[in-house]
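Understanding the architecture of this molecule
Spelled out from the first residue to the last, the chains are:
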Amino acid sequence: MSDIVLQQLDHGLLTITMNRPERRNALNADMSRGLAEAARRAAEDAEVRAVLLKGAGGTFCVGGDVKAMASATETPSLEAKVTQLRRGMEVSRLLHIMAKPVVAQIDGAAAGAGLSIALACDLRVASASAKITTAFAKVGYSGDYGGTYFLTQLLGSARARELYLLSPVLTAQEALALGMVNRVVPDAEIDAAAHELAMSLARGPTVTYGYIKKNINNAEQLSLEACFDGEALHHSRCSDTADHKEAAKAFVEKRPAVFKGH
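Presented here is an overview of the structure given in this document. Along each chain, the written sequence defines residue order, and numbers are assigned to residues from 1. Reporting in this predicted model follows two pLDDT cut-offs: at least 70 for local features of residues, and 80 or more for side-chain atom pairs to be given and counted; totals over whole chains, interfaces and linings ignore these cut-offs and use all residues. Here the side-chain values reflect all heavy atoms present in the structure, with hydrogen atoms and water set aside.

Comments concerning the pairing of strand β1 (residues 5-10)
What makes two strands pair is DSSP finding at least two bridges between them. Secondary structure elements are taken from DSSP: a helix is a run of H or I of four residues or more, a strand is a run of E of two residues or more, and numbering for both begins at the N terminus. Alignment of β1 against strand β2 (residues 13-18), held across 6 bridges, turns out to be antiparallel. In the strand pairing of β2, Asp 10 is matched with Leu 13. The antiparallel pairing of β1 with β2 creates a hairpin that spans 2 residues between the two strands, and His 11 there sits at a positive phi of about 50°.

Now the structure itself:
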């Protein structure tokens, strides 16, 4: 399993690479487990300040390994299926809640659970030729890895119903127009563009980014008053950070701030 999910830490940026190019990075049990472990490491390791999630071989992830599912000879109990799937889905929860920004590099295709994982990230950069689809209905599944939650939060329930029930294959430009991805770049530039964006976040005010994510996550489920309370608390905590003091000083001195992540 050690080489099915690759991790590389460089100047605060942890690059997590799904590494099953021969299967277009389809998810199996080992990859799901490896992704959850990598996401947990990213959340807990103080040296990690931002995350770039990508797939090897020019494809992000086509979702679950349908070929393996079709050839399975054992029939686990419903309880066992739910437990195993819920364990794999932990990667989406961790990417969404971790106090660090996460960028998904979408090239080739993002489908099914692969799209769900990309939607769990904070920002998505797609290559011009990428194809994006929920795909679940076409293989007789209702959805997993948080895709219905993230897509509903991102686009609203009406659009989420359309994309799940009809399962159209979207071009990168169509996904951009809907707001599913943040940027579309030429295929030849996807590696550099996604890395540059993620590295810019790794060089930013890490603690502040964490509180920004917390505020936005709060807004998905808490009342206005509770969100106000959270903003006031997090703003006040930011004021005590070295990064805030550096930013204020840099503003006065009319120079770029140099953040240390604390």
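Details of the sheet that holds strand β7 (residues 131-133)
Across the sheet, 3 strands lie side by side as β5-β7-β8; this open sheet has mixed pairing. One side of each edge strand has no neighbouring strand; the edge strands of this open sheet are β5 (109-111) and β8 (170-171). The pairing of β5 with β7 spans 3 bridges and is parallel. When the bridges of β7 are listed, Ala 109 appears paired with Lys 131.

Concerning the layout of surface pockets
Put simply, the grid is 1 Å and covers the protein atoms alone, a cavity is a trapped set of points that fit a 1.4 Å probe, a pocket is an open set with protein on both sides within 12 Å along at least five of seven lines, and lining residues have an atom within 4 Å of a point. Grid points are joined across faces, edges and corners, and a volume is the space filled by probe spheres set on the points. Taken as a whole, the second largest pocket encloses approximately 440 Å³ of empty space. Around the second largest pocket, the lining comprises 18 residues; the ones closest to its centre are His 96, Cys 121, Asp 122, Ile 216 and Asn 217. Looking at the lining of the second largest pocket, the elements that each hand over two or more residues are α5 (113-120), β6 (123-127), α6 (147-155) and α10 (206-219). Gly is placed with the polar residues, together with every amino acid not listed as nonpolar (Ala, Val, Leu, Ile, Met, Phe, Trp, Tyr, Cys and Pro) or charged (Asp, Glu, Lys and Arg). Residue composition of the lining of the second largest pocket, by class: 11 nonpolar, 3 polar and 4 charged.

Let's talk about the pattern of salt bridges
One side-chain nitrogen of Lys or Arg within 4 Å of one carboxyl oxygen of Asp or Glu is enough to make a salt bridge. Tallied over the full model, the rule gives 11 salt bridges. Put simply, Asp 45 and Arg 41 hold a salt bridge, and the shortest N to O gap is 3.2 Å. With a 1.4 Å probe rolled over the protein chains alone, any residue whose accessible area is under 20% of its type maximum counts as buried; one over 50% counts as exposed, and the rest are partly exposed. What makes Asp 45 partly exposed here is its relative accessible area of 22%. Overall, the relative accessible area of 30% leaves Arg 41 in the partly exposed class.

Comments concerning the packing of helix α3 (residues 78-88) against helix α4 (residues 90-97)
All axes here are fitted lines through C-alpha atoms, helices being fitted over the stretch that makes contact, and every angle between N-to-C directions spans 0 to 180 degrees. Running from amino to carboxyl end, α3 crosses α4 at an angle of 30°, the nearest separation of the two axes being 4 Å. Judged by the angle between their axes, α3 and α4 are roughly parallel. Contacts between α3 and α4 involve Arg 86, Arg 87 and Gly 88 from the first element and Glu 90, Val 91 and Arg 93 from the second. Here the contact of α3 with α4 is composed, by residue class, of 1 nonpolar, 1 polar and 4 charged. Roughly parallel means an angle under 35 degrees; roughly antiparallel, over 145; roughly perpendicular, 65 to 115; everything else is oblique. Residue contacts are defined here by distance: any two heavy atoms, one from each residue, within 4.5 Å place the two residues in contact.

Quick notes on the environment of Arg 86
Position of Arg 86 among the secondary structure elements: in helix α3. Assessed through its relative accessible area of 45%, Arg 86 is described here as partly exposed. In this structure the C-alpha to C-alpha distance between Arg 86 and Asp 144, which are 58 residues apart in sequence, comes to 8.8 Å.

A short note on the nonpolar core
In plain words, nonpolar cores are sets of buried Ala, Val, Leu, Ile, Met, Phe, Trp, Tyr and Cys residues tied together by side-chain atoms within 4.5 Å. Counting residues in hydrophobic clusters, the biggest one holds 47 residues, and the most contacted among them are Leu 35, Leu 53, Phe 60, Leu 95, Ile 106 and Met 180. Top element by residues in this core is α5. It accounts for 6 residues. Each residue touching Ile 106, except ones within four places of it in the same chain, is listed here: Phe 60, Ala 118, Arg 124, Val 125, Ala 126, Ser 127, Ala 130, Ile 132, Val 181 and Ile 190.

What to know about the environment of Ala 137
Take Ala 137: it is sitting in the loop between β7 and α6. What Ala 137 contacts, discounting residues up to four positions off in sequence, is Tyr 164 and Leu 165.

Section: the sheet that holds β6
By way of backbone hydrogen bonds, the strands of a sheet pair with one another, either parallel or antiparallel. Strand order in this open sheet of 6 strands is β1-β2-β3-β4-β6-β9, and the pairing throughout is mixed. Of all the strands in the sheet, just β1 and β9 (183-185) have a single pairing partner and so form its edges. Looking at each pair of strands side by side, their axes are set apart by 20° on average, direction ignored.

Some thoughts on the packing of aromatic side chains
Aromatic pairing here means that ring centres of Phe, Tyr or Trp (its six-membered ring) are within 6.5 Å. Orientation follows from the plane angle: under 30 degrees is stacked, over 60 is edge-to-face, and everything else is tilted. What the rule picks out here adds up to 2 aromatic pairs. The interplanar angle of 5° and the centroid separation of 5.9 Å between the aromatic rings of Phe 136 and Tyr 164 together place this pair among those described as stacked. Here Phe 136 is found in the loop between β7 and α6, whereas its partner Tyr 164 is found in helix α7 (residues 157-165), with 28 residues between them in sequence. Across this residue pair, the class does not change: Phe 136 and Tyr 164 are buried. Residues Tyr 149 and Phe 150 carry aromatic rings whose centres are separated by 5.4 Å and whose planes lie at 80° to one another, so their mutual orientation is edge-to-face. Overall, the relative accessible area of 34% leaves Tyr 149 in the partly exposed class.

Remarks on the pairing of β2
Burial within β2 is extensive, with 6 of its 6 residues counted as buried. The alternating pattern of β2 places Leu 13, Thr 15 and Thr 17 and Leu 14, Ile 16 and Met 18 on opposite faces, both of which are buried. One ladder, built from 6 bridges, connects β2 with strand β3 (residues 50-55); its direction is parallel. Residue pairing in the sheet places Leu 14 in a bridge with Val 51 of β3.

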